[in-house]
Amino acid sequence: MRLVIKYGGTSISASKDIQAIAKHINSLSKKHQIVVVCSATSGTTDDLIEISESIKKENKSKAEQLASKITNRHKQLAKQTIKKPDLQKKLLRKLDEDFTELLSLIDGMVLLGEVTSRSMDYLISFGERLSIKLVSSAINDSGKKSIPLTGKEVGIITDSNFGESKPLMDTTRLRVSKTIDDLFSKKTIPVVGGFAGADQHGHVTTFGRGGSDYSATTIGSCIKADEIWLMSDVDGLMTADPKIVKNAKLLKEVSYIEAIEMAMFGAKQIHPRTFEPLLSKKIPMKIRNSFNTKNEGTLVTVSPSESSKNTVKCVSNVQNNGLIDIRGGSMVGTPGTAAKIFETLAKSGINVMMISQNPSESSITIVVKNTDLDKAVSALEMELLGKIIKKLEITTNVAIIALIGSGMRGTVGVASRVFGAIEKNKINISMITQGSSELNLAFVVKNSDTNTAVRALHDAFELDKIN
Ligand SMILES: Nc1ncnc2c1ncn2[C@@H]1O[C@H](COP(=O)(O)OP(=O)(O)O)[C@@H](O)[C@H]1O
Ligand SMILES: N[C@@H](CC(=O)OP(=O)(O)O)C(=O)O
C-alpha cells in the first residue's frame, strides 16, 4: 500500500516518542511505500508567532531569546534521540544552520521594522523545517534511508495568499508525484514538513493553523495514496474532546461530511480544508493514536456502514471567538444588506464562522475568531457604519458548541433535548444556527460555560453508550 502518515506536534515532542515512531515507520516500510508528514514540535509554532509579536514591539532581544529557546529544545531532542554519533553530529550542524538563518531573518525583519504576511509565513514555517530533520534522522538512526523535505522542496506550489494559501493542484501533482516516485525508487522514506508550500515565485506560504493535515491529504491525492493516517495523541475522533469529557468514546467510522463538520467546529483541531483533496479520489483516512498503534482509530470514508449512523455523534467546541451583533433600521427590507456586510469582511480576509439573521431583518449576528475581531469591527465601521449599519454590539470570548451527526437529519426533538439540557445548567445561549443540511446544530455560549455545556450534551444524548 501507498501510505501518507502525518504526525502532529503532540506525537514528536519527546525523544522516546520520536524513536518509537522511527521504529514503527521502519517496520511498516518493509511492506508499504510511506511518505511521512510532520508538524512542528508542540509549542514551536506558537513560539514563532511570539517572535513576530516581539518584532512588532521592536523587542529584538526577546525575539532572539525565543529563537534560542526553540533551537535549544531541538538540539536537546537531537542529542537524546539520535544514538549514532556521526548522524547526531550531522543533525546538530543542520539545526545550527537553521538557527543562523532564523537569526538573520529576525535581523532583517527588525531592520525593516515590519512583519508582512510574506515574512510571517517564512518565519512560522521554521518549526516544520526543524522537526523534519529530527524525524528523518531518527529513521536513519533506525537503519532506513530517509531524507527531510520542506513543502516547497517536495513540490507543493500554492497561490500567494500568505497565511491561508491553497495548493495549485495541477502543478503540485506533477511535481510532488515526481519527487516522491524518485525517492520510492531509491527506497528512501521522505519526511515532509507540513503546513507550508511555496508560491510560483518561490516564496514560502502557509496553509493556516493546523495546516499539516491539509499537506498530508494534498500529498496523498498527488501520489494516489491508498490510505492517509493522521496520527495524534488520542485514539481517533471521539464523541467529545476527551480533555473535557472523561468518558468520551471513540467513533469507529464517520463520513467525510461528518468529519468536515467536526473539523469546522474544532474536533481534534483538524484543518477545515483537510478533506478537499480526498473528495474526488475517495481516499480513506484513518485518525489514529501514535502511542497506541494496535488501535485502528477512526475510519473516515465516503459512506460509513449502516451501523454507525447514530443521530448525534459528537459534541465539539471552538473557544475564543468574538460575536458581532450588527444592527440598523435601514437593514429591514433592503436587498443586498447581507451581501455588503460579507463583501466588506471578505475584502479584509476575515473568515466568518457562524451567521444568523433575525426574521425582522433588523439585525445580523456573526461570529469570528477573537484574533480577527479587531479587523472585522474596524472594516465594518469604516465601510458601513452610519450607512446601512446603525450600531455594532461586540461580545468577546465566546465559544461555539456544535452537535454533529448525519442521523440528525429529519429526526424530531433534537433541539428540545439540546436546549432542555442547557437550560437545566442555567447556561445562557446568545446565538443558535442549524444548517439546512441538519448535519449540525450550533450555538454560542460564554467561553467559561464551555465544559459544562459539552458535558451536559454528552450526557443528554448518552454518547458514552455510542456503538
Ligand atoms: N472530538 C475529539 N476527538 C478527539 N480529540 C479531540 C476532539 N476534540 C478535541 N480534541 C483534542 O484534539 C487534540 C489533538 O489535536 P492537536 O493538538 O491538533 O493534535 P496534533 O498536534 O497531534 O495534530 C487531542 O489531544 C484532544 O484533546
Ligand atoms: N505547526 C502548525 C501546523 C500543524 O498542523 O500543527 P499540529 O498538527 O500540531 O496541529 C500549527 O501549529 O498550526
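Criteria and thresholds
- Here the residue index of a chain counts from 1 through its sequence in written order.
- Here every chain gets a letter starting at A, and every ligand a number starting at 1, in the order they are written.
- With the structure being a predicted model, the display of local features is reserved for residues of pLDDT at least 70 and the display and counting of side-chain atom pairs for 80 or more, all residues being used for whole-chain, interface and lining totals.
- Values reported for side chains reflect all heavy atoms of the structure, with hydrogen atoms and water molecules removed beforehand.
- UniProt positions are given in the numbering used here, feature names are shortened, and annotations may be inferred rather than shown by experiment.
- Labels follow the DSSP assignment, with helices taken as runs of H or I lasting at least four residues and strands as runs of E lasting at least two, numbered in each case from the N terminus.
- For this measure, only C-alpha atoms enter the radius of gyration; the expected value for a globule follows 2.2 Å times N^0.38, where N is the number of residues.
- To sort residues, take the accessible area from a 1.4 Å probe on protein chains only and compare it with the maximum for the residue type: under 20% means buried, over 50% means exposed, and anything in between is partly exposed.
- Contacts were defined at the residue level, with two residues in contact if any of their heavy atoms lie within 4.5 Å.
- The Shrake-Rupley method, run with a 1.4 Å probe, gives the accessible areas here. Residue values count only the displayed protein chains as cover.
- Nearness is judged by heavy atoms alone; a residue qualifies as near a molecule or strand once a single heavy atom is within 4 Å of it.
- For the purposes of these results, a polar contact is taken to be a pair of N or O atoms within 3.5 Å, where, inside protein, one atom must be able to donate a hydrogen and its partner to accept one; residues adjacent in sequence count only when each atom of the pair is a side-chain atom.
- Each residue is assigned to one of three groups, with Ala, Val, Leu, Ile, Met, Phe, Trp, Tyr, Cys and Pro labelled nonpolar, Asp, Glu, Lys and Arg labelled charged, and all others, Gly among them, labelled polar.
- In the sections that follow, a salt bridge refers to a side-chain nitrogen of Lys or Arg positioned within 4 Å of a carboxyl oxygen of Asp or Glu.
- Each domain's limits were defined by an automated method or a database of domain assignments.
- Paired strands, as defined in this entry, are two strands with at least two bridges between them according to DSSP.
- Orient the strands so they point away from the viewer; a crossover is then right-handed if the path from the first strand over the helix to the second runs clockwise.
- Axes here refer to lines fitted to C-alpha atoms; in helices the fit is confined to the stretch in contact. Angles between the N-to-C directions go from 0 to 180 degrees.
- By the definition adopted for this analysis, an angle is roughly parallel if under 35 degrees, roughly antiparallel if over 145, roughly perpendicular if from 65 to 115, and oblique otherwise.
- Each crossing gets its hand from how the near helix is turned against the far one by less than a right angle, where anticlockwise is left-handed and clockwise is right-handed.

- The name given to the chain in an unreviewed UniProt entry is Aspartokinase, with the source organism recorded as Nitrosopumilus zosterae.
- According to the UniProt record, the Sequence similarities (unreviewed entry) comment for the chain is "Belongs to the aspartokinase family."
- In its Catalytic activity (unreviewed entry) section, UniProt records this for the chain: "L-aspartate + ATP = 4-phospho-L-aspartate + ADP".

**Remarks on the overall build of the chain**
Thought 1: Counting its regular elements, the chain contains 15 helices and 17 strands.
Thought 2: For the chain, the C-alpha radius of gyration of 23 Å lies close to 23 Å, the compact-globule estimate for 467 residues.
Thought 3: Among the 467 residues that make up the chain, the fraction classed as buried is 52%.
Thought 4: A separation threshold of at least 6 residues defines the contact pool for the chain, and within that pool the share at least 24 residues apart is 76%.
Thought 5: Counting only carbon and sulfur atoms, one obtains 51% of the accessible surface of the chain, whose full area is about 20700 Å².

**Brief notes about the site of ligand 2**
Thought 1: Residues in close proximity to ligand 2 include Lys6, Gly8, Gly9, Ser39, Ala40, Thr45, Glu128, Phe195, Arg209, Gly210, Gly211 and Ser212, which together make up its full environment.
Thought 2: Between ligand 2 and Lys6 there is a distance of 2.8 Å, counted from an oxygen atom to a side-chain nitrogen or oxygen.
Thought 3: Contact between ligand 2 and Ser212: an oxygen atom at 3.1 Å from a main-chain N or O atom of the residue.
Thought 4: Here ligand 2, which alone exposes 340 Å², has 83% of that area covered by the protein.
Thought 5: A class-by-class count of the residues in the shell around ligand 2 yields 2 nonpolar, 7 polar and 3 charged.

**Points about the pattern of salt bridges**
Thought 1: Enumeration over the complete set of coordinates arrives at 25 salt bridges.
Thought 2: Between Lys60 and Asp107 there is a salt bridge whose closest N-O contact spans 2.6 Å. In this pair, Lys60 sits in helix H3 (residues 60-81) while Asp107 sits in helix H4 (residues 85-112), placing the two residues 47 residues apart along the sequence.
Thought 3: Under the relative-accessibility criterion, Asp107 is labelled partly exposed at 38%.
Thought 4: One salt bridge in this structure joins Glu393 and Lys391, with 3.0 Å as the shortest N-O distance.

**Examining the site of ligand 1**
Thought 1: Near ligand 1, the surroundings consist of 18 residues, among which Thr10, Ser232, Asp233, Asp241 and Lys243 are the closest.
Thought 2: One of the side-chain N or O atoms of Asp241 is found 2.7 Å from an oxygen atom in ligand 1.
Thought 3: Between ligand 1 and Lys243, the relevant distance is 2.7 Å, taken from an oxygen atom to a side-chain nitrogen or oxygen of the residue.
Thought 4: Contact with the protein chains removes 88% of the 580 Å² of surface that ligand 1 exposes when unbound.
Thought 5: In terms of residue class, the shell around ligand 1 is built from 7 nonpolar, 6 polar and 5 charged.

**Quick word on the domain arrangement of the chain**
Thought 1: Here the chain is described as being made up of domain 1 (2-233) and domain 2 (314-465).
Thought 2: Taking only C-alpha atoms, the centre of domain 1 and the centre of domain 2 are 35 Å apart.

**A closer look at the pairing of strand S2 (residues 33-38)**
Thought 1: Within S2, 5 of the 6 residues are buried, leaving the element largely enclosed by the surrounding structure.
Thought 2: Bridging between strand S1 (residues 2-7) and S2 involves 6 bridges; their strand directions are parallel. The partner of Lys6 across the bridge, within S2, is Val37.
Thought 3: Each parallel crossover has a hand, and for S1 linked through helix H1 (residues 15-28) to S2 it is right-handed.
Thought 4: Where S2 meets strand S5 (residues 189-193), 3 bridges bridge the pair, whose relative direction is parallel. Within S5, the position partnered with Cys38 by the bridge is Gly193.

**Considerations on the pairing of strand S10 (residues 285-289)**
Strand residues, when the strand is regular, have side chains that alternate between the two faces of the sheet.
Thought 1: Burial runs high along S10: 5 of the 5 residues are buried.
Thought 2: In this structure, strand S8 (residues 227-232) lies alongside S10, joined through 5 bridges in parallel fashion. Looking at S10, one finds that Leu230 is bridged to Ile287.

**What to know about the packing of helix H2 (residues 44-56) against H3**
Thought 1: In the contact formed by H2 and H3, the axes pass within 8 Å of each other and the chain directions differ by 165 degrees. For the element pair H2 / H3, the angle class is roughly antiparallel. Read as a crossing pair, H2 and H3 show a hand that is left-handed. In this structure, H2 uses Thr44, Asp47, Leu48, Glu50, Ile51, Ser54 and Ile55 to contact H3, whose residues at the interface are Lys62, Ala63, Leu66, Ala67, Lys69, Ile70, Arg73 and His74.
Thought 2: Residues that form the contact of H2 with H3 fall into these classes: 7 nonpolar, 3 polar and 5 charged.

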